[in-house]
Amino acid sequence: MLLSVRSVSKRYSDSPETRAVLCDVSVELKAGTSVALTGESGSGKSTLLNLIAALDHYDSGDISIDGTSLTGLSDKARSMMRRTEVALVFQQFNLIPSLTVEQNLSLHARLGGRLDLEWISTLTQRLGLSDLVDRYPEQISGGQQQRVAIGRALAVRPKLLLADEPTGNLDETTSSEVMKLLMELIQTSGASLFLVTHSSRIASQLERQIHLSEGSLQ
Amino acid sequence: MKRATFGALISHWQKHPLQLLALVVGLAIATALWSAVQAINSEARASYARASAQLGFSGLDVLIPENGTIPVTSYVNLRRAGWKLAPVIEGRWRLPKGSVRLIGIDPLSHPSASALTDATTFKLVNLTSPLQIFLHPNTKEKLDGIPDLPPITLTDSLPTGVVLTDISIAEQLLTHHGQLSRLIVLQNKSIGLTPLAVLAPNLILQSANGSQTGRLADSFHLNLTAFGFLSFAVGLFIVQGTVGLGIEQRRNLFRTLRAMGLSLNQLVVLLLSELVLVALTAGGIGLILGYLLAGALLPDVSSTLNGIYGESVEGELALRPSWVLSGLGMALFGTALASGHAFASFYKMPILTIPGFQSRAHTAGTGYKMMAITGSGLIVTGGIAMVLFDGLLVGFALLAGLMLGSALLLPLLLSKILTIAEKAASGALSEWVWADMRAQLPGVSLAMMALMLALATNIGVGTMVSSFRLTFLGWMNQRFSSEIYVSVNNDEQASELVNWLDSRGVTSLPIRWAEISSMGIPIRVYGAMDHSRYRKNWPVLQAVETLWDDVFIGSGALINEQLARRLNLWPGDELALSTDWKVTVSGVYSDYGNPHGQVLVSLSNLLHNVPDVPNRQFGLKLPLKEVPALMKELQEDFDSRDILAIDTTDIKARSLAVFDRTFIVTGALNLLTLGVAGFAILTSLLTLWNIRLPQLAPIWALGVTRRQLAWLELLRSLALATLAAVLALPLGLLLAWVLLSIINVEAFGWKLPMFLFPMDWLRLLGLAWIAAIIAAAFPAFKLARIKPSELLEVFAHER
Ligand SMILES: Nc1ncnc2c1ncn2[C@@H]1O[C@H](COP(=O)(O)OP(=O)(O)O)[C@@H](O)[C@H]1O
Ligand SMILES: [Mg+2]
């Protein structure tokens, strides 16, 4: 099993709400498969994704990626996990503003020590970014920025790609384009995809759908 | 409405207390440094004016000789022609414990001076024997042990370091027989009298409004003012940064307020009132700090002025209303200057767009170019001014152009260097670090400018002072080539001493001199006997081939550099020491630290022109290890009231102490300026903190730990400080060159060789690193301990 989330609970200590954001959540994902996580705004989708990405800590339960449990893992080991095994795409694109498109594309792979120039140039071409490599993020459109973010994440050849509403900031046409590219490239790279979305149309493109409501999986 | 909006505006500072603190502290420090210097200067000026009034010299025109002194006969002739004049003899009276300013006056004709109208003094001068000397109790110590003095009267109404006496006594003590230094013109109406210019064509009429102090003291004050101004400017960098940020961060608020019906002008008025409030508060704090600082520095300044320039500054630091007003004015002016740019951009930029940090980074490029062009223009202008004009002020203009111009060039240079570094970087992380530094540049460039200027000033002034010190030391070793100097009180003792020394086989060289005055400049003329000591050791700068032969034949003279520059006399020129005493300048020697003119002629030449030159000082040549024994013997065999022997190692140590004290003030200002620059970095990093997180969070999400990011933050600050230091080095050396070769010549009359002190540079680099680490430590610490949820907020959708 590539990803296994077992009875994970999470409560924000500084939140005025006393109830847990995630309550006894369990989910599994096989290598090379994809799952869509849907749910209302505030239902805890991003929280779950951040826990899987080892960006935050859970209160109880266990998450393991490719057999490695995140429980009790040091900050350094968690960081290494993000550098190589797991890659992220956010709704806000979150490219590095001071680096060019080209630099952004290769950044993650270089950090993870997995620079494969051929793969990056394939990605650049497939994502239609060839003419934009010298631009800075602020000089390209939102759809283009998100394509760069996808390229950056896949360049590292992660086992698991986590995407948090990757098309949430894009208009409908651009959104479909980006989704199409994402699905194709996932196929090519052989990565598993864990995608958060509130659109059932997008969710239906993935192999499996799960729904989060008030912190519990339905 | 007004009140509510003002409250809303001000609430920004409650949310960002550090920003407010930076603004207030920056402005307060700037005001403090500036007003401290002003306080010192005005105190000194007041003290000069007081001294001048005490001596009865203020408000009256003075006749000074074109060269040499004024013969008594000229004075008598002018009196006969109906002019009311008061004669004055003035000179430096060198005593074993330092020199004093000896002023001889005619008590009957001298204008009323507070020193003389003082009840007891008046009685003494008029009713009892006039043969007394008057001095301040603090001066008394210098006269201790001087035998055969007229009775001394102590009075508080004289400045310290001044001895006032009857003209006849002064004549004897200074060996100025029949020669007057100047004549005070007692009436300003001259109807019916033959004009002075006709009666005495070789006397110059100096107006009462002329400078009361010497050029040297003036230039010292100018130096201080320049330093104060520089520190003020460095402080303003902080103000500019925080005001700009305060406006930028409130753009949202402004938009809301505008939407609620506030006009642009109303908004500007509100913002201005806020700034005025801040400026007055910070200015007030700055004044208090400045007052304390001035109080702490004043003793050193007065010992400097006293030790080197012969001016005395006395009295407690007084709180003058004019000083308070000008300090507050400066705070307001500085705030206006520093916030002008922010306000201009406020008017220009459409209020409805919120420019992000990123776009600032990229539009900055053209801004850098404009700044660089302006900067180059300033440097070139300064250079041209230097070529076209001369004078001290132009020297300072060149300095200002250089400093400001280089500061403006800095951002472009830094951005280019960072681009190159980014290209050369091998790792992904280091590439990001350089790129990120470049992106951050608009936010930190002001602080970097401040740091570079502070470092350059430190290097420049440090190089000047150390070069000066080294040269001074070398010069002292040459000039004080005798191991012991002995002075006695009269000629019998002198011959007794010479015999005594002869019997012990100790070589003694007589040191004889006369104080004269030429063109109103006091000059000391030495008579030297031919000896290898002169030929080998004298620190000659420029000379004719036959220098020493010319001197000892009696036709030539050596003059010190100050005199050479002041009178523009160089080897081959003729120097008139008095109307009938002329010599040819055969050489010029360096005489650092001495504000007065000196001439060296052969002893026979001196004796021929001033026959009664006393023979009371001798330089003894002997091996260093025999010095203590001989000193002891001298003390045993001679009465201590008759003889004064000085070990030159002692003199050298004392001179060096005076020298070092002179530069305590500049050293202190230097360090303070560096501190201000460090503070500027801290404030800029702190104010950038909020914009910083969105840039760091994505990198963290890609698998760079918070601890790593914190270290990078520290390294980044260190790298910037190093860059600033490296760029400051050439600027500092240029600054040193200007100070040594231009400013010094204009202000002090001597040019100094420049020495390099790489160890000092390393020490400064260390200080810059410390400043950078301290400044970055807090943000880095915060970053290392930040909660993941805070970083995750950056990715939250509801932003
Ligand atoms: N850092 C945080 N501190 C406190 N509460 C938080 C934090 N992040 C999210 N929450 C709360 O947790 C709940 C789930 O948030 P989130 O996972 O972002 O939901 P979703 O992504 O499904 O919209 C929300 O009620 C949100 O307010
Ligand atoms: Mg979410």
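Everything below is about the structure printed above this text.
Note that this is a predicted model, so its numbers are computed, not measured.

A. Examining the overall build of chain B more closely. Counting its regular elements, chain B contains 26 helices and 20 strands. By the burial criterion, 53% of the 799 residues in chain B qualify as buried. Sequence-distant contacts in chain B: of pairs separated by 6 or more residues, those separated by 24 or more amount to 81%. Of the roughly 34,100 Å² that chain B leaves accessible, carbon and sulfur atoms contribute 62%.

B. Seen up close, the overall build of chain A. Each helix and strand in chain A was counted, giving seven helices and 10 strands. Every one of the 218 residues in chain A was classed for burial, and the buried ones make up 59%. Roughly 9,000 Å² of accessible area belongs to chain A as shown, and the carbon and sulfur atoms make up 46% of that amount.

C. Examining the pairing of strand 1 (residues 3-10) of chain A more closely. All names here are of chain A. Burial analysis of strand 1 places six of its eight residues in the buried class, the great majority of the element. As judged from the five bridges shared by strand 1 and strand 4 (residues 60-65), these two strands associate in the antiparallel manner. Following the sheet pairing, L3 is matched in strand 4 by I65.

D. The sheet that holds strand 7 (residues 160-164) of chain A, seen in detail. Residue and element names in this part refer to chain A. With mixed pairing, the six strands of this open sheet are ordered in space as 6-7-8-3-9-10. Two strands bound the open sheet, and with one partner strand each, they are strand 6 (86-89) and strand 10 (216-217). Two strands pair when backbone bridges link them, and strand 7 and strand 8 (residues 192-196) are joined in this way by five bridges, in the parallel orientation. Each bridged residue has a counterpart across the sheet, and for D164 the counterpart in strand 8 is V196. Helix 1 (residues 45-52) rests against strand 3 (34-39), strand 6, strand 7, strand 8 and strand 9 (208-213) of the sheet, and its axis sits at about 155 degrees to strand 7.

E. Spatial organisation of empty space enclosed by the protein. Residue and element names in this part refer to chain B. In this structure the tally under the stated criterion is eight cavities of 30 Å³ or more. Counted as a void, the second largest cavity has a volume near 110 Å³. Lining the second largest cavity, in full, are Q440, V444, M448, I681, L685, E713, R716, S717, L720, A776 and P779. Listing elements by their share of the lining of the second largest cavity, those giving two or more residues are helix 15 (428-479), helix 23 (664-701), helix 24 (706-747) and helix 25 (758-784). Among the elements that line the lining of the second largest cavity, the one with the most residues is helix 24, at four residues.

F. Structural context of the interface of chain B and chain A. Contacts between the two partners involve 34 residues from chain B and, on the opposite side, 30 residues from chain A. The salt bridge involving D75 of chain A is made with R706 of chain B; its shortest N-O contact spans 3.3 Å. Inspection of the region where chain B meets chain A yields 10 residue pairs in polar contact (both at pLDDT 80 or more). When its residues are assigned to classes, the side of chain B that touches chain A shows 16 nonpolar, 10 polar and eight charged.

G. Quick look at the nonpolar core. I52 and F194 of chain A together with W432 of chain B are the most contacted members of the largest nonpolar core, which has 131 residues in total. Considering each element in turn, this core owes the most residues, 26 residues, to helix 15 of chain B. Beyond its immediate chain neighbours, meaning those up to four positions away, F194 of chain A contacts L3, V27, V35, L37, L48, L49, I52, L160, L161, L162 and A163 of chain A. By size, the runner-up hydrophobic cluster in this structure holds 38 residues, among which are A36, L95, V148 and A153 of chain A.

H. Expanded view of the packing of helix 5 (residues 142-155) of chain A against helix 6 (residues 172-189) of chain A. Residues and elements named next belong to chain A. The geometry of helix 5 relative to helix 6 is characterised by a closest axis approach of 10 Å and an angle of 15 degrees between their N-to-C directions. Comparing the axis directions of helix 5 and helix 6 gives the class roughly parallel. Classified by chirality, the crossing of helix 6 by helix 5 is right-handed. For the pair helix 5 and helix 6, the contacting residues are G143, Q146, R147, I150 and L154 in the first and T174, V178, L181, L182, L185, I186 and S189 in the second. Here the contact of helix 5 with helix 6 is composed, by residue class, of seven nonpolar, four polar and one charged.

I. Quick look at the sheet that holds strand 4 of chain A. Residues and elements named next belong to chain A. Spatial ordering of the open sheet is given by 2-1-4-5, a layout of four strands whose pairing is antiparallel. Two strands in the sheet have a free side with no partner beyond their single neighbour: strand 2 (22-29) and strand 5 (68-69). Note that strand 4 and strand 5 share two bridges and pair antiparallel. Considered in strand 5, the bridge of I65 is made with T68.

J. Geometry of the environment of M179 of chain A. Residues and elements named next belong to chain A. With respect to the helices and strands, M179 occurs in helix 6. Between the C-alpha atoms of M179 and T167, which are 12 residues apart in sequence, the distance is 7.5 Å. If we ignore the near neighbours within four places in the chain, the residues touching M179 are T167, L195, I202, Q205 and L206.

K. Structural view of helix 7 (residues 167-174) of chain B. All names here are of chain B. Three or more residues of helix 7 are buried, namely I167, I169, A170 and L174. The buried residues of helix 7 occupy one face: seen down the axis, they fall within an arc of 155 degrees. In this fold, the buried residues of helix 7 make contact with strand 3 (85-95), strand 4 (98-105), strand 5 (133-135), strand 7 (162-166), strand 8 (179-180) and strand 12 (507-518). Following helix 7 by one or two positions, T175 has its phi on the positive side, about 50 degrees.

L. A look at the side chain of E515 of chain B. All names here are of chain B. Position of E515 relative to the elements: it lies in strand 12. Judged by its relative accessible area of 9%, E515 is buried. Polar side-chain contacts of E515 include one of 2.9 Å to the side chain of R524.

M. Main features of the pattern of salt bridges. Counting across every chain of the model gives 23 salt bridges over all chains. For the salt bridge of R438 of chain B with E422 of chain B, the shortest nitrogen-to-oxygen distance reads 3.0 Å. Here R438 of chain B is found in helix 15, whereas its partner E422 of chain B is found in helix 14 (residues 392-424), with 16 residues between them in sequence. Take R438 of chain B and E422 of chain B: they sit in the same class, and that class is buried. Each of D66, E85, R114 and K159 of chain A takes part in one network of salt bridges that share partners.

N. Seen up close, a nonpolar patch on the surface. Residues and elements named next belong to chain B. A cluster of nonpolar residues, V380, I384, V387, L388 and F389, forms a patch on the protein surface that exposes about 540 Å² of accessible area. In this fold, V380 is placed in helix 13 (residues 357-388). Owing to a relative accessible area of 49%, V380 belongs among the partly exposed residues under this scheme.

O. Inspection of the packing of aromatic side chains at higher detail. Residues and elements named next belong to chain B. Using the criterion set out here, one finds four aromatic pairs over all chains in the structure. With centroids separated by 6.0 Å and ring planes inclined at 55 degrees, the aromatic side chains of Y291 and W323 adopt a geometry described as tilted. Placement of Y291 in helix 11 (residues 264-309) and of W323 in helix 12 (residues 321-348) is noted, with a sequence separation of 32 residues between them. The buried category is assigned to W323, whose relative accessible area is 6%. Their ring planes at 45 degrees and their centres at 5.9 Å tell us that W513 and Y526 sit as a pair that is tilted. Placement of the pair is W513 in strand 12 and Y526 in strand 13 (residues 521-528), with a sequence separation of 13 residues.

P. Geometry of helix 16 (residues 491-503) of chain B. Residues and elements named next belong to chain B. The end-to-end C-alpha distance of helix 16, which contains 13 residues, comes to 18 Å, matching closely the 18 Å that a straight helix rising 1.5 Å per residue would cover. For helix 16, every residue scored as buried is listed here: Q493, A494, L497, W500 and L501. For helix 16, the arc enclosing every buried residue in end-on projection is 130 degrees, short of the 170-degree limit, so these residues lie on one face. Exposed side of helix 16, more than 90 degrees from the buried face: E492, N499 and S503 are the residues found there. Buried residues in helix 16 make contact with strand 11 (484-488), strand 12, strand 19 (617-621), helix 21 (627-637) and strand 20 (643-647). At the exit of helix 16 stands G505, carrying a positive phi of roughly 75 degrees.

Conventions used here
Residues numbered from 1 in each chain as written. Chains lettered and ligands numbered in written order. Predicted model: local features only at pLDDT ≥ 70, side-chain atom pairs only at ≥ 80, totals over all residues. Heavy atoms only, no water. Helix = DSSP H or I, 4+ residues; strand = E, 2+ residues; numbered from the N terminus. Buried < 20%, exposed > 50% of the residue type's maximum accessible area, 1.4 Å probe, protein only. Contact = heavy atoms within 4.5 Å. Areas by Shrake-Rupley, 256 points an atom, 1.4 Å probe, with all protein chains shown as cover. Pairing = 2+ DSSP bridges. Axes fitted to C-alpha atoms, helices over the stretch in contact; angles between N-to-C directions. 1 Å grid on protein atoms, 1.4 Å probe; cavity = no way out; pocket = protein on both sides within 12 Å on 5 of 7 lines; lining within 4 Å. Points joined across faces, edges and corners; volume = space filled by probe spheres on them. Salt bridge = Lys/Arg side-chain N within 4 Å of Asp/Glu carboxyl O. Polar contact = N/O pair within 3.5 Å; in protein donor to acceptor, adjacent residues only side chain to side chain. Nonpolar A, V, L, I, M, F, W, Y, C, P; charged D, E, K, R; others polar. Core = buried A, V, L, I, M, F, W, Y, C linked by side-chain atoms within 4.5 Å. Parallel < 35°, antiparallel > 145°, perpendicular 65-115°, else oblique. Left-handed = near helix turned anticlockwise from the far one by under 90°. Arc of directions from axis to C-beta. Patch = residues over 30% accessible without salt bridge, like charges linked within 9 Å, V, L, I, M, F, W, Y side chains within 5 Å. Phe/Tyr/Trp six-rings, centres within 6.5 Å; stacked < 30°, edge-to-face > 60°. Expected span 1.5 Å × (residues − 1).

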